[in-house]
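Observations on chain architecture
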Amino acid sequence: LQSLFEVNGSGMLVVSSNRQILQVNTQFCNLFGYSREELVGQSARILHLDGQHYEDWAPCYQEARAGKPMASAEYPWRRKDGTIFWCFFAGAKMQLPNGEPGVLWNVIDITERKEAETALRQFSLVVEQSANIVVITDPAGVIKYVNPRFSEVTGYSREEAIGQNPRLL
């Protein structure tokens, strides 16, 4: 089990019932920029953006510690160098060697996905507000999207246009 913990491609973190870091794998250290020695024994607070972030995270931690199946959350976190990045944390209750409940967290960096979501929202806003007609079709030419300007100019509603071939409108 120790080998699986260590070679896992995602970051792994074991936290005690009082939110003290008990164990981390190499990938977790790589994600956050700390050495294992800098993390083990520390309060998990060291990883949070600030005190409020630490408190906001408490319910997710409590759910995992209580054994809620697949307690998870997406939050921004702070690396040792101060940079902020997004992680997906999935936690599972685990009994620690001393018998107390702890949490095993699986951690994945989702920064690129979050940035892509933001860019897509911005692009969608631009397309929705464009003064130009925007029509998106699939490779067969079937309309998958029209912006509001399309309806204003053509008189066809989105519902009427989607699923049609533009040559038939």
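Residues numbered from 1 in each chain as written. Predicted model: local features only at pLDDT ≥ 70, side-chain atom pairs only at ≥ 80, totals over all residues. Heavy atoms only, no water.

Of note in this structure, R19 is not a glycine but carries a positive phi near 65°. With respect to the secondary-structure elements, R19 resides in the loop between β1 (11-15) and β2 (21-24). On the basis of relative accessibility, which here comes to 8%, the residue R19 falls in the buried class. (Helix = DSSP H or I, 4+ residues; strand = E, 2+ residues; numbered from the N terminus. Buried < 20%, exposed > 50% of the residue type's maximum accessible area, 1.4 Å probe, protein only.)

Okay, the sheet that holds strand β3 (residues 71-78) next. As summarised here, the arrangement of the five strands in space is β2-β1-β5-β4-β3, forming an open sheet in which the pairing is antiparallel. A single partner strand is all that each edge strand has here, and the edge strands are β2 and β3. Geometrically, the sheet is characterised by an average inter-axis angle of 30° between neighbouring strands, direction not taken into account. Inspection of the sheet shows β3 paired to strand β4 (residues 84-95) by eight bridges, in the antiparallel sense. Residue pairing for β4: E74 is matched across the bridge by F88. Lying over the sheet, helix α4 (residues 51-65) contacts β1, β3, β4 and β5 (101-109), oriented at roughly 155° with respect to β3. (Pairing = 2+ DSSP bridges. Axes fitted to C-alpha atoms, helices over the stretch in contact; angles between N-to-C directions. Contact = heavy atoms within 4.5 Å.)

The subject of this paragraph is the state of the cysteines. Per the stated rule, a full pass over the model turns up zero disulfides. Among the cysteines around C60, which has no disulfide bond, C87 carries the closest sulfur, lying 12 Å off. Take C60: its relative accessible area is 7%, and that puts it in the buried class. (Disulfide = S-S within 2.5 Å.)

Here we take up the pattern of salt bridges. A complete count under the given rule lists eleven salt bridges for this structure. Two residues, R113 and E74, come together in a salt bridge whose shortest N-O distance is 2.7 Å. Remark: E74 occurs in strand β3 and R113 occurs in helix α5 (residues 111-128); sequence separation between them is 39 residues. Exposure remark for R113: the relative accessible area of 35% places this residue in the partly exposed category. Residues participating in the shared-partner salt-bridge network are E74, R113, K114 and E117. (Salt bridge = Lys/Arg side-chain N within 4 Å of Asp/Glu carboxyl O.)

This brings us to the layout of surface pockets. The volume enclosed by the largest pocket comes to roughly 170 Å³. If you trace the largest pocket, you find it lined by L1, Q2, L4, F5, M12, V14, Q23, M94 and L104. For the lining of the largest pocket, the secondary-structure elements that each account for two or more residues are α1 (2-7) and β1. Sort the elements by how many residues they give to the lining of the largest pocket and α1 lands first, with three residues. (1 Å grid on protein atoms, 1.4 Å probe; cavity = no way out; pocket = protein on both sides within 12 Å on 5 of 7 lines; lining within 4 Å. Points joined across faces, edges and corners; volume = space filled by probe spheres on them.)

Between its first and last C-alpha, α5 extends 26 Å over 18 residues, near the 26 Å set by a 1.5 Å rise per residue. All of the buried residues in α5 are T111, K114 and V127. Where α5 is buried, its residues touch β3, β4, β5 and β7 (143-146). (Expected span 1.5 Å × (residues − 1).)

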